[in-house]
Amino acid sequence: MAYSGQVTVGGPADAHELTDLIISKVAVGAMENNAYLLRCRATGEQLLIDAAAEPATLLELVGDDGLVSVVTTHRHQDHWQALREVQAATGARTYAGREDADGIPVPTDVLVDDGDTVTVGRITLTARHIVGHTPGSIALVYDDPHGHPHVFTGDCLFPGGVGNTFGDAVAFTSLLDDVTEKVFGALPDETWVYPGHGNDTTLGAERPHLAEWRERGW
């Protein structure tokens, strides 16, 4: 079956099978968080984006092939509730944005800045530091050499708008500015977007609404 990106808590993972990379998406926890397992086809190495909740579910997804790293997109609790258990079970190296690491109660092995790269096997992800939802949120971009880019946005970008800035107009402007410059400004419409909650989208589907989001203020 073709990948849809539509997953539900308690349901099966959905796998987006690319030429060099398999992306498995699963929904976990009371806030229906998305977690993404990336597997390099050439080496079998695996990386998890957001050990959000339900460690048993995530470890079952990882399987017997182990986990080399876990990236936490930002400091909010619903994105790291299973991190301690997953890291302890796998020995995975932990990554997080530099400005958010002190809000994550599991030590961060690698502090990530804008433009840094994270590798899994022969796959390279480029981090983009996006300020507004939290001070140190990061998005991760995989520029597929065989197709279009893919971006894991955490809670910075969703279908229909940017992430919650909790009524803070300055934070909203910062978030929308960074998303506009570092995501929409750098990547084509074909780019597939994997958010921290809910369904996937593409930049092409969202780009026409940027001015509308700025006008409405959320």
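Anything mentioned here points back to the structure above.
Model, not experiment: these values are computed from the prediction.

Participant: Teacher, can you tell me more about the sheet that holds strand β11 (residues 149-154) here?
Facilitator: Sheets are built from strands that pair by backbone hydrogen bonding, the pairs being arranged parallel or antiparallel. Here six strands make up an open sheet; going across it, the order is β8-β9-β10-β11-β14-β15 and the pairing mixed. Edge strands, defined here as strands with exactly one partner in the open sheet, are β8 (117-120) and β15 (201-202). When strand β14 (residues 192-195) meets β15, the two strands line up antiparallel, connected through two bridges. Bridged to V193 within β15 is T201.

Participant: Looking at this structure, I do not really get the nonpolar core. What am I missing?
Facilitator: One recurring pattern in soluble globular proteins is that nonpolar side chains are buried together. Core analysis: the largest hydrophobic core is formed by 22 residues, its most contacted members being I23, L38, L47 and F152. For this core, the secondary structure elements donating two or more residues are β2 (21-28), β3 (33-40), β4 (46-49), β8, β9 (123-129) and β10 (138-143). Once you skip the residues sitting within four places of it in the chain, L47 turns out to touch Y36, L37, L38, L67, S69, V71, V118, T119, V120 and L125.

Participant: Which parts of the structure should I look at to understand the environment of E45?
Facilitator: On the secondary structure map, E45 appears in the loop between β3 and β4. Residues E45 and R214, spaced 169 residues apart in sequence, show a C-alpha to C-alpha distance of 40 Å. Among all residues touching E45, those that are not within four sequence positions of it are L38, R39, C40, V68, V120 and G121. Among the polar contacts made by the side chain of E45, one reaches the main-chain amide nitrogen of G121 at a distance of 2.9 Å.

Each value, and the rule that gives it
Residues numbered from 1 in each chain as written. Predicted model: local features only at pLDDT ≥ 70, side-chain atom pairs only at ≥ 80, totals over all residues. Heavy atoms only, no water. Pairing = 2+ DSSP bridges. Helix = DSSP H or I, 4+ residues; strand = E, 2+ residues; numbered from the N terminus. Core = buried A, V, L, I, M, F, W, Y, C linked by side-chain atoms within 4.5 Å. Buried < 20%, exposed > 50% of the residue type's maximum accessible area, 1.4 Å probe, protein only. Contact = heavy atoms within 4.5 Å. Polar contact = N/O pair within 3.5 Å; in protein donor to acceptor, adjacent residues only side chain to side chain.

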